[in-house]
Amino acid sequence: MNVITCEGLKKNQRKVRALSDLSFTIKENTITGLIGRNGAGKTTLLKILAGFWRESSGEVKVFNQHPFNNLYVSANTIYVDDQMSFPASLTLTEILQEAEVFYENWNGKLAKRLFDYFSFHPEQQHENLSKGKKSTFNMIVGLASRCALTIYDEPTTGMDAAVRKDFYRALLRDYLEYPRTIIISSHHLDEVEDLLEDVLLLQDGSKCLHLPIDELKDYAVGLTGRTEMVRQWIANKEVFHTNNIGAGTTYAVVKKEGIPLDNARQLGMETTSVTSSDICVYLTDQTKGGIDDVFK
Amino acid sequence: MSLNNVRLQKVVKKQSVYKVKANLSMYSSLIVIQLLALLFSLGGTGTMGTSSVGYNGITIRLFSADIVIVFTMIWGFITAIMLTTKAYKEDEFIFVTNRLTSNLSNIIFLFVASIFSGITAVLSGYLLKVIMFSFFNYEFLHAGTSSEFGIFISGLLTTILYVFMFSSFGYLIGTVVQLSKMFIIIVPVVIIGGVYLLSRINQDVILDIGSFYFLESNFFIALTKIILTAGICFLAAIFISNRLEVRK
């Protein structure tokens with residue numbers, strides 16, 4: 001069953017096109033990573049899926065219903081980001097109690113144990129928490145609510161390395177115990193890739209790739225060799241990235257499919273695997289030249 | 001994975017309870033405002049004076065909860081505007097909600113707030129009299145209030161509904177402003193300009209509007225007028241806000 005279906009989804013924000021012609025489906029009980037550069041449209045997409053924003057055109061379905069202003073979708077969806085704002089008159093414990101009232105699947109025991117594990121003070125106010133602590137608390141709300149669709153928009157903002165690791169581990173363990181559809185948007189694919197089943201890569205508001213993570217890891221290959229040879233060899237292939245890495249040596253990343261790797265090795269080129277995080281960076285590279293060119 | 005089906009009434013009920021708890025700070029502002037109004041009332045809310053040669057004359061002062069009630073209406077108006085602001089919208093769109101349940105629970109919250117503030121406003125009239133008795137040295141002509149219980153109740157009810165009506169004005173204005181920030185300028189211009197134009201055509205128009213709502217002697221007709229006005233404002237607000245995007 002598909003939890004999310006998008007067909008030709010478009011979203012304009014005033015004159016700027018945030019999403020253009022986005023079509024994809026997300027299956028039930030999978031963890032999908034939503035990856036993209038800053039401004040690629042990740043948050044816009046997630047807010048439309050959560051029913052906060054209205055699409056400009058196209059069709060979007062969550063649980064087979066149109067999410068905007070939909071109570072059914074809202075009851076089965078939680079959207080977690082670092083901007084979550086809770087009433088200032090409630091303490092952290094009271095916020096958790098209120099969340100329990102609203103979400104039918106709420107796991108109070110888990111919330112309490114995570115709350116204690118991350119040593120929150122029960123009487124503290126949400127607005128007085130540090131950035132990382134806020135994110136951690138929001139993450140607890142997201143985990144404990146056990147919504148059929150759980151959306152994390154950059155959940156680890158401000159968290160330190162240890163907490164981030166704990167978070168990913170907690171997310172995975174709770175997912176195994178209670179499977180649901182999870183979408184995580186992140187800049188750090190290398191951090192989350194062990195969790196993910198699928199990756200949806202956005203570029204400039206449209207879909208760049210939507211693949212299982214295993215296929216993405218095997219998507220491209222890196223070639224290092226003498227510049228002329230590499231240049232000549234990659235001429236009619238799909239090249240994602242080239243870089244001069246020293247006198248007369250070039251590093252190129254090409255699509256792996258249909259590449260005669262043995263042939264490349266015989267010609268004296270070194271073949272290396274490319275991490276999925278690097279592939280995503282190369283695929284969505286939109287800058288002209290490097291940052292150094294700015295200062296010329 | 002099982003999906004939860006929710007009923008509108010249930011969510012509205014949960015949200016209303018949540019809002020009464022979450023917006024507790026609004027009640028403290030109410031108490032401060034009512035105490036302030038009470039302070040202003042100490043000088044008397046109305047005076048009648050006679051002067052005659054050889055005497056200092058007589059001044060008759062009226063002490064009533066009128067100022068407190070007026071202040072409470074203003075409080076209701078501002079509280080309703082605040083409920084429509086971004087900060088409050090974000091607090092409620094954290095949990096299960098859509099625009100309809102959010103509006104309905106806001107209206108219920110405002111009604112509860114009106115009941116609470118209406119009761120304290122009316123009762124403050126008695127507090128004022130107790131203060132006059134205890135601390136001031138006045139000659140009391142008439143210390144009675146409405147002797148009949150029925151009149152007291154109808155006064156209480158109309159006070160509550162007046163506060164509710166003013167909160168519906170605030171709610172509508174707040175919602176319109178959420179639509180576009182331009183309305184922050186347009187709304188006052190339209191209201192002030194409209195009143196000015198109307199009063200040029202007919203000088204008594206403001207008095208007429210005032211007496212339409214405030215000088216209705218028939219209790220039930222007054223109730224109908226107030227409830228209808230509030231209902232229209234709230235319905236308009238629900239209609240307008242149904243397409244608003246949240247959590248920008």
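Along each chain, residues carry numbers from 1 onward, in the same order as the chain's sequence is written. Each chain is given a letter, starting from A, and each ligand a number, starting from 1, according to the order in which they appear as written. Only residues with pLDDT of 70 or above have their local features reported here, since the model is predicted, and side-chain atom pairs are shown and tallied only from 80 upward, although totals for entire chains, interfaces and linings are computed over all residues. Only hydrogens and water are set aside when side-chain values are computed; all heavy atoms of the structure are taken into account.

Taking an unreviewed UniProt entry as the reference, chain A is identified by name as ABC transporter ATP-binding protein belonging to Oceanobacillus halophilus.

Novice: Help me understand the overall build of chain B in this model?
Specialist: Counting secondary structure elements, chain B contains nine helices and two strands. By principal-axis analysis of the C-alpha atoms, chain B measures approximately 90 × 45 × 30 Å. A simple rule labels every residue: compare its accessible area, found with a 1.4 Å probe on the protein chains alone, to the largest value its type can have, and call it buried under 20%, exposed over 50%, or partly exposed in between. Of all 248 residues assigned to chain B, the portion counted as buried reaches 41%. Contacts spanning at least 24 positions in sequence make up 77% of the contacts within chain B whose residues lie at least 6 apart. Counting every atom, chain B has about 13,900 Å² of accessible surface; 72% of that belongs to carbon and sulfur. Distance between charge centroids for chain B: 16 Å, based on 17 positive and 10 negative side chains. Numbering of helices and strands runs from the N terminus, with a helix taken as a DSSP run of H or I at least four residues long and a strand as a DSSP run of E at least two residues long. Residue contacts are counted whenever heavy atoms from the two residues lie within 4.5 Å of one another. With residues, only the protein chains shown are counted as cover, and all accessible areas are computed by Shrake-Rupley using a 1.4 Å probe. Neither His nor the chain ends is counted toward charge; the positive residues are Lys and Arg and the negative residues Asp and Glu. The location of each charge is read from NZ of Lys, CZ of Arg, CG of Asp or CD of Glu.

Novice: How do you make sense of the UniProt feature "domain: ABC transporter" (unreviewed entry) in chain A when you look at a structure like this?
Specialist: UniProt positions are given in the numbering used here, feature names are shortened, and annotations may be inferred rather than shown by experiment. UniProt's entry tags residues 4-229 of chain A with the feature "domain: ABC transporter" (unreviewed entry), counted in the numbering of this structure. Secondary structure content for residues 4-229 of chain A is 35% helix and 31% strand, while the C-alpha to C-alpha distance between its ends is 46 Å.

Novice: Just to check I follow, could you spell out helix H5 (residues 131-145) of chain A for this structure?
Specialist: For an α-helix the count is 3.6 residues per turn, leaving residues at separations of three or four pointing the same way. Residue and element names in this part refer to chain A. Multiply 1.5 Å by the residue count of a helix minus one, and that product is the helix's expected span. Along its 15 residues, H5 runs 21 Å from first to last C-alpha, staying within 8% of the 21 Å computed at 1.5 Å per residue. Within H5, twelve of the 15 residues are buried, leaving the element largely enclosed by the surrounding structure. Three or more residues of H5 are buried, namely Gly132, Ser135, Thr136, Phe137, Asn138, Met139, Ile140, Val141, Gly142, Leu143, Ala144 and Ser145. The secondary structure elements touched by the buried residues of H5 are strand E5 (77-80), helix H3 (92-102), helix H4 (108-117), strand E6 (149-153) and helix H6 (161-177). Once H5 ends, the next one or two residues include Arg146, with phi positive near 50°.

Novice: What should I look at first to understand the packing of aromatic side chains in this one?
Specialist: We describe a pair of aromatic rings using the distance from one ring centre to the other and the angle between the two ring planes. Working definition: a ring pair exists when centres of Phe, Tyr or Trp rings (six-membered ring for Trp) sit within 6.5 Å. Plane angles under 30 degrees give stacked, over 60 give edge-to-face, the rest tilted. Overall, the coordinates contain 28 aromatic pairs over all chains when judged by the stated rule. Here the aromatic rings of Phe86 of chain A and Phe137 of chain A are separated by 5.9 Å at their centres, their planes lie at 85°, and the arrangement is edge-to-face. You can see Phe86 of chain A sitting in the loop between E5 and H3 and its partner Phe137 of chain A sitting in helix H5, a full 51 residues away along the chain. Considered together, Phe86 of chain A and Phe137 of chain A belong to a single accessibility category, that of buried residues. With a centroid separation of 5.5 Å and an interplanar angle of 70°, the aromatic rings of Phe166 of chain B and Phe169 of chain B are classed as edge-to-face. With Phe166 of chain B and Phe169 of chain B both in helix H6 (residues 149-179) and three residues apart, the pair spans about one turn of that helix. Judged by relative accessible area, Phe166 of chain B falls into the partly exposed class, the value being 22%. Judged by relative accessible area, which is 23%, Phe169 of chain B ranks as partly exposed. The aromatic ring of Phe120 of chain A is capped on one face by Lys133 of chain A, whose charged end is 4.4 Å from the ring centroid. In this arrangement the basic side chain of Lys225 of chain B is found over the ring face of Phe212 of chain B, its NZ or CZ atom lying 4.0 Å from the centre. Whether a charge lies above a ring is judged from NZ of Lys or CZ of Arg, which has to be within 6 Å of the ring centre and within 35 degrees of the ring normal.

Novice: Got a minute to help me understand the domain arrangement of chain A in this structure?
Specialist: It is common to give the size of an interface as the accessible area that goes away when the parts come together. Residue and element names in this part refer to chain A. Note that the domain bounds reflect an automated or database-derived domain assignment. Domain annotation for chain A reports domain 1 (2-216) and domain 2 (219-295). Here the C-alpha centroids of domain 1 and domain 2 sit 34 Å apart. Here the quantity called buried area is the total loss of accessible area, with a 1.4 Å probe, experienced by two parts when brought into contact, counted for both. Summing the contributions of domain 1 and of domain 2, the shared interface buries around 1,100 Å²; its carbon and sulfur component is 59%. A per-residue breakdown of the area domain 1 buries against domain 2 is headed by Arg37, Gln203 and Leu216, which together make up 48% of the total. Criterion for a salt bridge: a side-chain nitrogen of Lys or Arg within 4 Å of a carboxyl oxygen of Asp or Glu. Inspection of the domain 1/domain 2 interface yields zero salt bridges. Of all elements in the fold, only helix H7 (189-192), strand E8 (198-203), strand E9 (206-212) and helix H8 (213-217) reach the threshold of two or more residues within the side of domain 1 that touches domain 2. Residues are grouped as follows: Ala, Val, Leu, Ile, Met, Phe, Trp, Tyr, Cys and Pro are nonpolar; Asp, Glu, Lys and Arg are charged; all remaining types, including Gly, are polar. For the side of domain 1 that touches domain 2, the residue count by class is nine nonpolar, one polar and five charged.

Novice: Just to check I follow, could you spell out empty space enclosed by the protein for this structure?
Specialist: Any space left empty among the atoms is revealed by the rolling of a water-sized probe across them. A 1.4 Å probe that fits into a set of points on a 1 Å grid over the protein atoms alone but cannot get out defines a cavity; an open set with protein on both sides within 12 Å along at least five of seven lines defines a pocket, and lining residues are those with an atom within 4 Å of a point. Grid points are joined across faces, edges and corners, and a volume is the space filled by probe spheres set on the points. As enumerated under the stated definition, the model contains three cavities of 30 Å³ or more in all. Estimates place the volume of the largest cavity at around 150 Å³. Taken together, 19 residues form the lining of the largest cavity, with Ala50, Phe52 and Ser74 of chain A together with Phe93 and Thr97 of chain B sitting closest to its centre. The element best represented in the lining of the largest cavity is E5 of chain A, accounting for three residues.

Novice: What am I meant to see in the pairing of strand E1 (residues 2-13) of chain A here?
Specialist: All names here are of chain A. Here, a strand pair is defined by DSSP locating no fewer than two bridges between the strands. Direction of pairing for E1 relative to strand E2 (residues 16-27): antiparallel, over a ladder of eight bridges. If you follow Lys11 over to E2, its bridge partner there is Leu19. In this antiparallel pair of consecutive strands, E1 and E2, the connection spans two residues, and Arg14 shows a positive phi of 55°. With five bridges joining them, E1 and strand E4 (residues 57-62) adopt antiparallel strand pairing. The residue of E4 that forms the bridge with Cys6 is Val60.

Novice: Would you explain the sheet that holds strand E7 (residues 181-186) of chain A in this entry?
Specialist: As a general point, the strands of a sheet are linked pairwise by backbone hydrogen bonds and lie either parallel or antiparallel. All names here are of chain A. Taken together, the six strands give an open sheet; going across it, the order is E5-E6-E7-E3-E8-E9, and neighbouring strands pair in mixed fashion. Pairing within the sheet leaves two strands with one partner each, and these edge strands are E5 and E9. This sheet shows a mean twist of 15° between the axes of neighbouring strands, independent of strand direction. Where strand E3 (residues 31-36) meets E8, five bridges bridge the pair, whose relative direction is parallel. Residue pairing for E8: Leu34 is matched across the bridge by Leu200. Of the strands in this sheet, E5 and E6 touch H5, which is tilted by about 165° from E5. Sheet strands touched by H6: E3, E6 and E7. Its angle to E7, the strand with the most contacts, is close to 165°. Fitting a line to C-alpha atoms yields each axis, with helices limited to the stretch in contact; the angle taken between N-to-C directions then spans 0 to 180 degrees.

Novice: Could you clarify how one ought to interpret the pattern of salt bridges in this entry?
Specialist: Two side chains that carry opposite charge are able to pair once their charged atoms sit near each other. Using the criterion set out here, one finds 16 salt bridges over all chains in the structure. The closest approach of N and O atoms between Lys256 of chain A and Asp218 of chain A, which form a salt bridge, is 2.9 Å. Separated by 38 residues along the polypeptide, Lys256 of chain A in the loop between strand E12 (249-255) and helix H10 (261-266) and Asp218 of chain A in the loop between H8 and strand E10 (220-226) bring together distant segments of the chain. Here Asp218 of chain A falls in the partly exposed class, since its relative accessible area comes to 46%. Across the pair Lys19 of chain B and Glu92 of chain B runs a salt bridge, and its minimum N-O distance is 2.6 Å. Linking Lys19 of chain B in helix H1 (residues 8-22) with Glu92 of chain B in helix H4 (residues 86-92), this pair joins segments that are 73 residues apart in sequence. A relative accessible area of 4% means that Lys19 of chain B is categorised as buried. We classify Glu92 of chain B as buried; its relative accessible area is 5%. A single network of salt bridges, built from pairs that share partners, joins Arg146, Asp174, Glu177 and Arg180 of chain A.

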